[in-house]
Amino acid sequence: MDQQNITTENTVAPKGRNTWARMDFDGYRAAHAMVDVLKAAGIERIYGQSCPTAIHLAAQAAGIQQYGYRTENAGTAMADGEARVSGRVSVITAQNGPAAGLLVAGLAEALKASIPIVAIVQEVPFDTADRNAFQELEHEKIFSGCTKWIRRINLADRAAEYMAKAIRAATSGRPGPVVLLVSPDVLVQPVAERVTLETFETEFGCYPLDRVVPTPDKLDALVGLMLRAERPLIVAGGGVHSSGACDVLSELQDLLQIPVATTNMGKGAIDESHSLSLGVIGNAMGTRSPAKFHRDYIQSADLIVFVGSRTNENGTAGWSLFPSTAQYAQIDIDPSELGRNYAGLRMLGDAKATLSAIRDRIRDKVPSHLKQRGDQLAIQFAQAREQHRVELQYLLSQETSPIRPERLMRALDTAHGDTLWVADASYSSIWLVQFIQSMRAGTRFITPRGIAGLGWGFPMAIGAKLARPHANVICVTGDGGFAHCWAELESARRHGVALTVVVLNNGVLGFQINAEESRFNTHTDVCHFTPIDHVAIARACGCDGVSVQQIDQLPSALAAASNANTPFVIDVRVDPRAFPPLTAFESQLASEDVSASGAA
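Residues numbered from 1 in each chain as written. Predicted model: local features only at pLDDT ≥ 70, side-chain atom pairs only at ≥ 80, totals over all residues. Heavy atoms only, no water.

> Break down unusual backbone geometry for me, citing the residues and quoting the values.
Looking along the chain, the bond that leaves cysteine 51 and enters proline 52 is cis, with omega of -5 degrees. Considering the arrangement of structural elements, one finds proline 52 in the loop between strand S1 (45–47) and helix H2 (53–61). The omega angle of the peptide bond from tyrosine 207 to proline 208 is -5 degrees, so this bond is cis rather than trans. Here proline 208 lies in the loop between helix H8 (184–187) and helix H9 (216–228). Of note, the phi angle at serine 114 is positive, near 65 degrees, even though the residue is not glycine. In this fold, serine 114 is placed in the loop between helix H5 (104–113) and strand S4 (117–122). Classification of serine 114 as buried rests on a relative accessible area of 13%. Although it is not a glycine, tryptophan 319 adopts a positive phi angle of roughly 60 degrees. Of note, tryptophan 319 is situated in the loop between strand S10 (303–307) and strand S11 (327–332). (Helix = DSSP H or I, 4+ residues; strand = E, 2+ residues; numbered from the N terminus. Buried < 20%, exposed > 50% of the residue type's maximum accessible area, 1.4 Å probe, protein only.)

Have a look at this one:
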């Protein structure tokens, strides 16, 4: 293999001198052994630019594609999006120093969202360590707060072993990101024993790797609570998707006639058109929210069962949404999450396996009174939905320009029902999960809600499309978030990734300006942008797009996007005064509605 592009920073410099050196890469080396482990885990691509070069050269020879990102932070979001959709671990590489540092935020998102990523990070060669080698950093320290496991490979003969350990650490228990540190001199050292596929379990590379269930007495206790409750509620989090538990949750909803709601990350776990579905609850239940009129039921519930949910601030409206009088139970693979915020019955187990065990216990002996309870609740929830329809009707009927985001979301929903949806953080994800309805259990809505970093929506959509190439992928992003990563348009075009990007172009940092207005009745100086032509940016990157000023222009724009073989940007002028139904901004929402309805 041609090694002419290997520079001083990537090689072993004899006696620490800054000289060029050629690496011997013939035969079976540590890099080949690590790549063979990746092949056994079903890895089809590695996100990375140059380093560790030996890994990419060995991967190419083994048929694993290298996907070159423009920046490491976007590359991590791509790996995250792929892992969320594929159900398998994903892999990213980075050079030592600044490139490694750019992985941190994306790995933190994956840690909080429980997404398995293996990051292979280059270290400086051993004989230059602690001598101020080029871009030398203490990587263990910078990764210690954003990963669940970090190891350094010191011996070539153990490279495959540690690669396998990394994949199992990422996919077992609560999934999450891990880091392997390895220097280029170790990667090119010969390895005596080749990796054989027979040594790996069938599930290797998939997550969750191990499916455990609570003890029988715990299962019986939860079944008893569910059967006795008069006003029960299941709250499904992102762990339901990660576990693949959507179908069994849907079965339980019907068997027990039990209402189900989701968090933002749990969006799509249920069919929201089901008569006992409450939609997305949490911090966005203000005016115009589909869940607004379900608040009374939630706050009078006598049993609340969390499934795969962190019970975090946004998902619980600052821990104020659920009543103190209710009984609680929590199903989670991570023991540290059980009882973190709501004391109750601890159900340590995988969501799918645990819900399946509950279903099997009750399948043939569901009490008849549950059907009557379900019918009564269905009437109550239908009335709540009608109240929401009436409240939202005046906005949906307006053909204004700039376009109201609610109107845009409804038009997108009507045009593309069977879609893999992705949104950026901040307002984009709230508009998406609130106003596009999940019509079947298991619909994917990918949102970076682990730590909610701005700019990750578009690269996550790239990863999602790579994982499911035949899916119709639509990414909704604000103009502020899109500016973080629009260079990845060229990356997507270069690698043949076609998807639709809908830019909510309102010229403001929406969340920032509304939060500042809410707290201080004014805002800081950096909330507004000068006009930007996102279609021109797309075309400069070799892609295409159109600008949408009126809602009736959207169907033709979507049709053009569906026929494109490169990323297609739909730049939509939306109303900068509009903001989603965050409960914290309720006073602003109410006044906005009064003025808007008066003007209408």
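So much for the structure itself; the text now carries on.
> If you had to explain the side chain of arginine 449 to someone new, which residues and values would you point to?
Counting through the fold element by element, arginine 449 comes out in the loop between strand S14 (445–446) and helix H17 (457–467). Here arginine 449 occupies a buried position and makes no salt bridge, while the nearest side chain of opposite charge, glutamate 109, is found at 7.7 Å. Not counting chain neighbours up to four residues away, the residues in contact with arginine 449 comprise Glu109, Asn264, Met265, Arg310, Asn314, Ala425, Ser426 and Ser429. (Lys, Arg positive; Asp, Glu negative; His and termini not counted. Salt bridge = Lys/Arg side-chain N within 4 Å of Asp/Glu carboxyl O. Contact = heavy atoms within 4.5 Å.)

> Can you break down the sheet that holds strand S17 (residues 544–548) residue by residue, with the values?
The strand order S14-S13-S15-S16-S18-S17 describes an open sheet built from six strands, whose pairing is parallel. In this open sheet, the two edge strands, each paired with only one partner strand, are S14 and S17. By the bridge criterion, four bridges tie strand S13 (residues 420–423) to strand S15 (residues 473–478) in an arrangement that is parallel. Residue tryptophan 421 lies in a different strand from S15, and its bridge partner there is isoleucine 474. (Pairing = 2+ DSSP bridges.)

> Hey, could you go over the pattern of salt bridges for me, with residue numbers and the actual values?
Within this structure, the stated rule accounts for 27 salt bridges. For the salt bridge of glutamate 82 with arginine 45, the shortest nitrogen-to-oxygen distance reads 3.2 Å. Residue glutamate 82 is found in helix H3 (residues 72–86), and its partner arginine 45 is found in strand S1; the two are separated by 37 residues along the sequence. By the burial criterion, glutamate 82 is buried, and arginine 45 matches it. Between arginine 389 and glutamate 386 there is a salt bridge, with the nearest N and O atoms lying 2.7 Å from each other. Within this pair, arginine 389 and its partner glutamate 386 are both found in helix H14 (residues 369–396), separated by three residues, close to a single helical turn. Here the residues in one salt-bridge network are Arg174, Asp334, Glu337 and Arg340, joined through shared partners.

> Residue-level account of the nonpolar core, with values.
If you look at the biggest cluster of nonpolar residues, it comprises 53 residues, and the most contacted ones within it are Phe143, Val422, Phe458, Ile462 and Leu489. In this view, phenylalanine 143 contacts Ala100, Leu103, Val104, Leu107, Val121, Ile150, Val179 and Leu181; residues no more than four positions away in its chain are not counted. The next biggest cluster of nonpolar side chains, apart from the first, holds 44 residues, and it includes Ala59, Trp149, Val182 and Val191. (Core = buried A, V, L, I, M, F, W, Y, C linked by side-chain atoms within 4.5 Å.)

> If you had to explain the environment of serine 426 to someone new, which residues and values would you point to?
One can find serine 426 in the loop between S13 and helix H16 (427–435). Under the relative-accessibility criterion, serine 426 is labelled partly exposed at 22%. Between the C-alpha atom of serine 426 and that of proline 448, which follows or precedes it by 22 residues, the distance is 9.1 Å. Every residue in contact with serine 426, bar those within four places of it in the chain, is listed here: Arg449, Leu454 and Phe511.

> Before we move on, can you summarise the sheet that holds strand S9 (residues 277–280) with the specific residues and values?
Across the sheet, which stays open at both edges, the six strands sit in the order S9-S8-S7-S10-S11-S12 with parallel pairing between neighbours. At either end of the open sheet lies a strand with only one pairing partner, and these are S9 and strand S12 (345–348). Taking the axes of each pair of neighbouring strands and ignoring which way they run, one obtains an average angle of 15 degrees across the sheet. (Axes fitted to C-alpha atoms, helices over the stretch in contact; angles between N-to-C directions.)

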